[in-house]
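Architecture at a glance
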Amino acid sequence: MAFLITFHWGWLLGALALGFAMGWVAVVHRAPGVPRLWMWLLSALAALLVAAALTNLIPGRAGYWLELLLVMFVPYLAGCAVGSWLRAWVVFRSMRAKALG
Amino acid sequence: MRGLFRWSGKWWPGVIPLLVLWGLAAWSSTAPLENDLAGRSSAALKDAVLDKTNVIVDGRDVTVRAEAFSQSGRSSAVAAVAAVPGVRLVDDETRLAPEAKPFAWSAERDVVRVTLGGNAPLPALKSKLVEAARTALNGTEVADQMALARGAPPHFEEAALLLIGQIGKLKDGKFTISDGDITLSGMARELGGREAIATALKKLPEGFKVAGNEVHAPPYILQAYKDPVAVTMTLSGNVPDDNIHAVIAGTSSRKFFDEKVVDNLKNSIGAPSGFVNAVVPALGALSRLSTGTLLVSDREIKLSGDALYDAAAAQIRATLPKEVPPGWQVKAEISVKPQAGPVDPTVCQQLFTDLLSKGTIRFETGRADIDRDSAGLLDRLVEIAMRCPTANIEVAGHTDAAGEEVANQALSEKRAQAVINFLVQAGLSANRFTAAGFGSTQPLASNDTSDGRAQNRRIEFLVR
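None of these values were measured; they are calculated from a predicted model. (Residues numbered from 1 in each chain as written. Chains lettered and ligands numbered in written order. Predicted model: local features only at pLDDT ≥ 70, side-chain atom pairs only at ≥ 80, totals over all residues.)

1. Remarks on the overall build of chain A
When its secondary structure is counted, chain A shows four helices and zero strands. Its helices and strands in sequence order give chain A the pattern α-α-α-α, from N to C terminus. Relative to its 101 residues, chain A shows a buried fraction of 25%. Of the contacts formed within chain A by residues at least 6 apart in sequence, a portion of 81% connects residues at least 24 apart. (Helix = DSSP H or I, 4+ residues; strand = E, 2+ residues; numbered from the N terminus. Buried ≥ 20, exposed ≤ 12 C-beta atoms within 10 Å, placed from the backbone. Contact = placed C-beta atoms within 7 Å.)

2. Observations regarding the overall build of chain B
Scanning chain B from terminus to terminus reveals 13 helices and 19 strands. Taking the intrachain contacts of chain B between residues at least 6 apart in sequence as the baseline, contacts between residues at least 24 apart amount to 68%.

3. Concerning the sheet that holds strand β19 (residues 458–463) of chain B
Residues and elements named next belong to chain B. Within the open sheet, the three strands sit side by side as β18-β17-β19. Their pairing is mixed. One side of each edge strand has no neighbouring strand; the edge strands of this open sheet are β18 (433–437) and β19. Within the sheet, the average angular offset between the axes of one strand and its neighbour, ignoring direction, is 20°. The sheet contact formed by strand β17 (residues 393–398) and β18 spans five bridges and is parallel. (Pairing = 2+ DSSP bridges. Axes fitted to C-alpha atoms, helices over the stretch in contact; angles between N-to-C directions.)

4. Here's the deal with the pairing of strand β2 (residues 61–68) of chain B
Residue and element names in this part refer to chain B. Pairing analysis gives seven bridges linking strand β1 (residues 50–58) to β2, with the strands arranged antiparallel. Within the sheet, the bridge partner assigned to I56 lies in β2 and is T63. As consecutive antiparallel partners, β1 and β2 are separated by two residues, and within that stretch G59 has a phi angle of approximately 65°, a positive value. Where β2 meets strand β3 (residues 89–96), eight bridges bridge the pair, whose relative direction is parallel. Residue D61 lies in a different strand from β3, and its bridge partner there is L89. A crossover connection joins β2 to the parallel β3 through helix α3 (residues 71–82); in handedness this β-α-β unit is right-handed. (Right-handed = clockwise from strand over helix to strand, strands pointing away.)

5. Some points on the nonpolar core
As a rule of thumb, soluble globular proteins bury nonpolar side chains together. In this structure, A77(B), V81(B), V279(B), A282(B) and V382(B) are the most contacted members of the largest nonpolar core, which totals 109 residues. If you tally residues by element for this core, the top one is helix α8 (residues 275–287) of chain B, at eight residues. Among all residues touching A77(B), those that are not within four sequence positions of it are L45(B), A48(B), L50(B), V64(B), A66(B), A68(B) and T94(B). Ranked by size, the runner-up nonpolar core spans 20 residues in total, among them W24(A), A26(A), Y64(A) and Y76(A). (Core = buried A, V, L, I, M, F, W, Y, C linked by C-beta atoms within 7 Å.)

6. Some details on the sheet that holds strand β12 (residues 232–239) of chain B
Residue and element names in this part refer to chain B. Taking strand neighbours across the sheet as the criterion, the six strands line up as β13-β12-β11-β14-β15-β16 in an open arrangement whose pairing is mixed. Because the sheet does not close on itself, it has two edges, and the strands there are β13 (260–267) and β16 (329–336). The mean angle between the axes of side-by-side strands here comes to 5°, regardless of whether they run parallel or antiparallel. Summarising the sheet, strand β15 (residues 300–307) and β16 pair through eight bridges and their orientation is parallel. By the bridge assignment for β16, D306 is matched with S335. Sheet contacts for α8: β11 (221–227), β14 (289–297) and β15; angle to β14, the most-contacted strand, approximately 160°.

7. So, the interface of chain A and chain B
Contact with chain A, which involves 32 residues of that partner, is made by 27 residues of chain B. Listing elements by their share of the side of chain A that touches chain B, those giving two or more residues are α1 (2–7), α2 (9–26) and α4 (60–100) of chain A. For the side of chain A that touches chain B, the element with the most residues is α4(A), which contributes 14 residues. Of the residues that constitute the side of chain A that touches chain B, the class distribution is 21 nonpolar, ten polar and one charged. (Nonpolar A, V, L, I, M, F, W, Y, C, P; charged D, E, K, R; others polar.)

8. Details of the packing of α8(B) against helix α9 (residues 310–323) of chain B
Residues and elements named next belong to chain B. One way to put it is that α8 packs onto α9 with a least axis distance of 9 Å and a crossing angle of 165°. The angle between α8 and α9 places the two elements in the roughly antiparallel class. The handedness of the crossing between α8 and α9 is right-handed. Across the interface between the two elements, P281, A282 and A285 of α8 pack against I316, L320 and E323 of α9. A class-by-class count of the residues in the contact of α8 with α9 yields five nonpolar, no polar and one charged. (Parallel < 35°, antiparallel > 145°, perpendicular 65-115°, else oblique. Left-handed = near helix turned anticlockwise from the far one by under 90°.)

9. Focus: the environment of G139(B)
All names here are of chain B. Assignment of secondary structure puts G139 in the loop between α4 (123–136) and β6 (141–144). When the 5 C-beta atoms within 10 Å are taken as the criterion, G139 is described as exposed. In the structure, G139 is positioned 26 residues away from R113 in sequence and 9.6 Å away in space, judged by C-alpha atoms.

10. Digging into the confidence of the model for chain A
Put simply, chain A has an average pLDDT of 89, and 96% of its residues get 70 or more. Per-residue pLDDT, averaged within each element of chain A, yields its smallest value for α1(A) (82) and its largest for α2(A) (92). (pLDDT = per-residue confidence, 0-100.)

11. Side note on the environment of A15(A)
Examined against the element boundaries, A15(A) turns out to sit in helix α2. In this structure A15(A) comes out as buried when scored by C-beta crowding, with 26 C-beta atoms within 10 Å. Remark: the alpha-carbon pair of A15(A) and V71(A), spanning 56 residues in sequence, is separated by 9.6 Å. If we ignore the near neighbours within four places in the chain, the residues touching A15(A) are M72(A), P75(A), Y76(A), G79(A), L18(B) and L21(B).

12. Comments concerning the confidence of the model for chain B
The pLDDT averaged across chain B works out to 91; a share of 100% of its residues lies at or above 70. No element of chain B has a lower mean pLDDT than helix α1 (residues 2–8) of chain B, at 73, and none a higher one than β15(B), at 95.

13. With respect to helix α2 (residues 15–44) of chain B
Residue S29(B) marks the point of greatest curvature in α2(B), where the axis turns by about 40°; the proline P32(B) follows within four residues. Taken as a whole, α2(B) has its buried residues at L18(B), W22(B), A25(B), L33(B), L37(B), S41(B) and A44(B). Where α2(B) is buried, its residues contact α1, α2 and α4 of chain A together with β1, β2 and α3 of chain B. (Bend = angle between axes of the 7 residues up to and from the residue.)

14. Here's the deal with the packing of helix α3 (residues 36–54) of chain A against α4(A)
Residue and element names in this part refer to chain A. Contact geometry of α3 with α4 gives a least axis separation of 10 Å together with a crossing angle of 125°. Regarding the angle of α3 to α4, the classification is oblique. Both α3 and α4 take part in a crossing whose hand is left-handed. Residue-level inspection shows L49, V50, A52 and A53 of α3 in contact with α4, the latter providing L66, E67 and L70. Its residues assigned to classes, the contact of α3 with α4 shows six nonpolar, no polar and one charged.

15. Some thoughts on the environment of D181(B)
All names here are of chain B. Positionally, D181 belongs in strand β9 (residues 181–188). On the neighbour-count criterion, D181 (15 C-beta atoms within 10 Å) is partly exposed. Along the primary structure D181 and G207 are separated by 26 residues, whereas in three dimensions their C-alpha atoms are 8.6 Å apart. For D181, the residues in contact, after removing those within four places along its chain, are K209 and A211.

Take a look at the structure:
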């Protein structure tokens, strides 16, 4: 894991930035959310992929690409969370200022 | 927290650019990653004792193909690669190096190079053998065609190094180890090389033996040339040691009483057995020739030249093969020198006197048997006697004054008769000769000194 992070830190930083931007936008986005069923299916798929990666089930380059995908997903999610949280905080503060004003 | 969960439902559109980013990352990083892992895996195997090592990287999975020389060597190689940071799985395709049966190794020398072939047990020893060959043959090209295999006999290294140390003594040839058997073939560089190699191989380590030694040495040569014009007898070639050198020089000076002996012999080991016992009679035969060449090459004697008369040629051809030790070959190509024209008896007398002033007919001490060293002198006397066929000749024997006079008288007569017998065997008529014995009654010099006594012991030829 440490090797993957040090070798791909540039790409991981990109994923983090992408996630931050997506999280920033998501708070005020009017698009419909993902249906609950889809949420479960995607979560199950993610769990399956993580399990496959941890058990080294997929050999060679395909196995490496799977690991790379999963490793990039982590900073994306983290970026999303931080982005959403910060945006929510900014929106909340401006709304309160407007209400007081 | 509930907000975070609610917003997360809207994070999915970012997955599409993330997948694009992932695609780019995978496309651009796969080859550098594989190269990086291959480099560091190979570096991790650098100190491992392996042959035919091949590292193949697929993603983060490494396949190690190699031939190891022990099971622990295999597992430690795999462990070394598995410990490289970034390697996910190691596919162990190592195997044990094949076991050679029999375990064969060879060192072959030709004109330009030494080729090491066969099997070596370990890579380190392989390079050590090549290095040893380079050191032993300063400047000669060394070609390494050794393969690696298991199954070397114990002490293989010592045996191979010992043989490499000897290959410099070969001009061309091959040393072979097959399990514990050592076979040698080829031609030694110098006389005695064969013996030197055989001596060195006595130090072979336990478990090794010489199964065949076909190393030949250059021929052991001694040459002698009798030149009647320069009145010299030139010796060249080899003699085994100082003692035999002295024997050959001594016998030459006695046999070639008239010629100057030019001694160009040098000492060298490697003489065939019975060398001196073959060379001395061969020189005796040469001394009976007017002009001739003697070539002793290993156990072969070649004598060519001109005898002084027919019977001498026949005697040399018949007796020389019997005089040399068993196992020696004699090739005698003896022709007969044309007889010189007849001369007056007074000239004959002069010739006899001149010749006997240069050389003395020798006898065995106290006996009437003619010493073999005097055969050449007698042949010359026969030749002169043939030139004056009408002259009658008195052969007179004289002794020194040592011993009783009666015995000396008898001995001088017997010796004179022995000389006449030789002349008759040579084909001269017995009627022409009379034997006379004078004991010590006609001394030429004082009998008080050994030189004087030597002068007094003599045979004289008197034409009547």
